[in-house]
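# Structure assessment
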Amino acid sequence: MNIKIELIYLILILTLNLSCLEKKSIEKEVNKTELLNTSKTDTLKFASGIRAIFQDSKGNYWFGSHNEGISHYNGKTFEYFTTNDGLASNQIRSIQEDKNGIIWIGTDKGVCSYNRENFTNYLSESYSPKLDWNATDGNLWFYAGEEDGINRFDGINMNYLIFPKPKNDNPNKSYGVTGISKDKDGKVWIATYSALFNYDGKTTNIYDHKSLKLKDNEVLHIRSVLVDSKGRIWIGNNGIGVILKSGDSTIHFSKEQGKLIPMKEFKSNTQNGQTTKNTGLQSVFAIEEDNEGNIWFADRDSGVWKYNGESLTNFTIDEKLKSQMIWDIYLDKNKILLFGMADRGVYKFNGKSFDKKF
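First, a word on what this report is: a plain description of the structure on this page. If you're wondering where the values come from, they're calculated on a predicted model, not measured in any experiment. (Residues numbered from 1 in each chain as written. Predicted model: local features only at pLDDT ≥ 70, side-chain atom pairs only at ≥ 80, totals over all residues. Heavy atoms only, no water.)

### Observations regarding the packing of aromatic side chains
Note the following rule: Side-chain rings of Phe, Tyr and Trp, where Trp is taken by its six-membered ring, are said to pair if the distance between their centres is within 6.5 Å; with planes under 30 degrees apart they count as stacked, over 60 as edge-to-face, and otherwise as tilted. Strands are runs of DSSP state E lasting at least two residues, helices are runs of H or I lasting at least four, and both sets are numbered from the N terminus onward. For every residue, the accessible area obtained with a 1.4 Å probe (protein chains only) is divided by the maximum for its type, and the residue is called buried under 20%, exposed over 50%, and partly exposed between those limits. Lysine NZ or arginine CZ positioned within 6 Å of the ring centre and within 35 degrees of the ring normal marks a charge as sitting over the ring.
Using the criterion set out here, one finds 37 aromatic pairs in the structure. On the basis of an interplanar angle of 50 degrees and a centroid distance of 5.9 Å, the ring pair of Trp133 and Phe163 is categorised as tilted. Here Phe163 lies in the loop between strand 12 (158-162) and strand 13 (177-182) and Trp133 lies in the loop between strand 9 (119-122) and strand 10 (140-143), a separation of 30 residues in the sequence. Of the two residues examined, Trp133 and Phe163, each falls in the buried class. Ring centres of Phe253 and Phe297 lie 5.8 Å apart, and the angle between their planes is 35 degrees; this geometry places the pair in the tilted category. Of this pair, Phe253 sits in helix 2 (residues 253-256) while Phe297 sits in strand 24 (residues 295-299); the two residues are 44 residues apart in sequence, bridging distant segments of the chain. On the basis of relative accessible area, Phe297 is assigned to the buried category, the value being 0%. Put simply, the rings of Trp133, Trp141, Phe163, Tyr175, Phe197 and Tyr199 pair up and form one aromatic cluster. Cation over ring: Arg51 sits above Trp327, and NZ or CZ is 4.0 Å from the ring centre.

### Points about the sheet that holds strand 4 (residues 70-73)
Cut-off, in case you're wondering: The rule for pairing is simple: two strands pair if DSSP sees at least two bridges between them.
Strand order across the open sheet formed by 5 strands is 1-5-4-3-2, with antiparallel pairing between neighbours. Each having just a single partner strand, strand 1 (40-41) and strand 2 (50-55) make up the two edges of the open sheet. Of the strand pairs in this sheet, strand 4 and strand 5 (residues 78-81) are connected by 4 bridges, and their pairing is antiparallel. Within the sheet, the bridge partner assigned to His72 lies in strand 5 and is Glu79.

### Description of unusual backbone geometry
One non-glycine residue, Arg116, adopts positive backbone phi at about 80 degrees. In this structure, Arg116 sits in the loop between strand 8 (110-114) and strand 9. A relative accessible area of 28% means that Arg116 is categorised as partly exposed. Here the phi dihedral of Lys335 falls at roughly 65 degrees; this positive angle occurs in a residue that is not glycine. Mapped onto the elements, Lys335 comes out in the loop between strand 27 (326-331) and strand 28 (337-341).

### As for the sheet that holds strand 28
Basically, it comes down to this: Orientation is described by axes fitted as lines to C-alpha atoms, over the contacting stretch for helices, and by angles from 0 to 180 degrees between their N-to-C directions.
Ordered in space as 27-28-29-30, the 4 strands form an open sheet in which the pairing is antiparallel. If you trace the sheet from one side to the other, it starts and ends with strand 27 and strand 30 (354-356), each paired once. Adjacent strand axes in the sheet meet at a mean angle of 30 degrees, parallel and antiparallel pairs treated alike. Summarising the sheet, strand 28 and strand 29 (residues 346-349) pair through 3 bridges and their orientation is antiparallel. By the bridge assignment for strand 29, Leu338 is matched with Lys348.

### Examining the pattern of salt bridges
In a structure, side chains of opposite charge can pair up when their charged atoms sit close to one another. The test is simple: Salt bridges are defined by distance alone: a side-chain nitrogen of Lys or Arg within 4 Å of a carboxyl oxygen of Asp or Glu.
The full count for this structure, using the stated rule, is 7 salt bridges. Taken together, the salt bridges that share partners define one network made up of Asp56, Glu97 and Arg116.

### Focus: the nonpolar core
Rules: For this analysis, a nonpolar core means a set of buried residues of the types Ala, Val, Leu, Ile, Met, Phe, Trp, Tyr and Cys, connected via side-chain atoms within 4.5 Å. Throughout, a contact is declared for two residues whenever any of their heavy atoms are within 4.5 Å.
Among the nonpolar cores identified, the biggest contains 27 residues, and Leu44 and Phe63 are the most heavily contacted of them. Put simply, the parts of the chain that give this core at least two residues each are strand 2, strand 3 (61-65), strand 4, strand 5, strand 6 (92-97), strand 7 (103-107) and strand 8. In terms of residues, this core owes the most to one element, strand 2, which gives 4 residues. Sequence-distant contacts of Leu44, defined by excluding residues within four places in its chain, comprise Ile50, Phe63, Ser71, Phe78, Tyr80, Val346 and Phe358. In this structure, Ala286, Phe315, Leu337 and Met341 belong to the second largest nonpolar core, which totals 15 residues.

Distances and angles like these do not, on their own, reveal function.
Set out below in structure tokens:
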């Protein structure tokens, strides 16, 4: 009788243990699923700011953040990728797509390609630079550090090309790439902090302080460039506003429009990287053209400006935001202007004002 009781007791213990093990196994699967689900949300969760916006050939959006990686939006959910998934860095500088549908992501620490399954990293190899730009080909161009050149992908290798800087140049100048724009003829216009470069497939030209006809106290600090539909070159600076190059003519656009604050006053009101009393077109970090030919400028301090060919109109994106700074302006396939904010989120222009899009 005692033996029967002991056997029943043993069976009960084993049953309870198996039940606990099964419960723990289920809990592990649930936790694993919850962990995977955190990589997808129905809202854009980036809080560090949107530095790059891109819409691919399938109509899906890509959003590059300031320090949280990149997000892909398929129309329903946002999927997120960081260095844990293979990105070279979580700070995204540019996003583009090649003819094979591969997404190319420029970061502050190298370039990544994404074939919709895996990431491949191409780190900047500035120790083996090329002086002859014609020795390479390819139409994919990327930021390559703060020093002397730009990355160009030829289909196999990432080539580091040296800028033809002026002779006796100040060694303290930075030639980190801040913007790239291409004209109808395929010419590439490359903005760097200290100069603008142009490559037409044969020669590389430089447009520096002297060739842009600036005064001694007007220091170049280029943050953006746009070649518009008329072939005009818009150069956005941090400090001296917008310079417009049209053919052989160069004008100081911000100054001519009466939107340039004297440099002494501008510098004296700078706090925490922003100018408290800047109500002008002074620190332009992004430029875009809409489908009607209007040119849009994103000023770090004073919001966004629209130029219709005759006059400038200033807009505030959202008064509730801590900062009106815009990292990127992007015209999508539906001809909608999207604005990537430094505070958070993406806004669209509805024809009169701005609505939060993502």
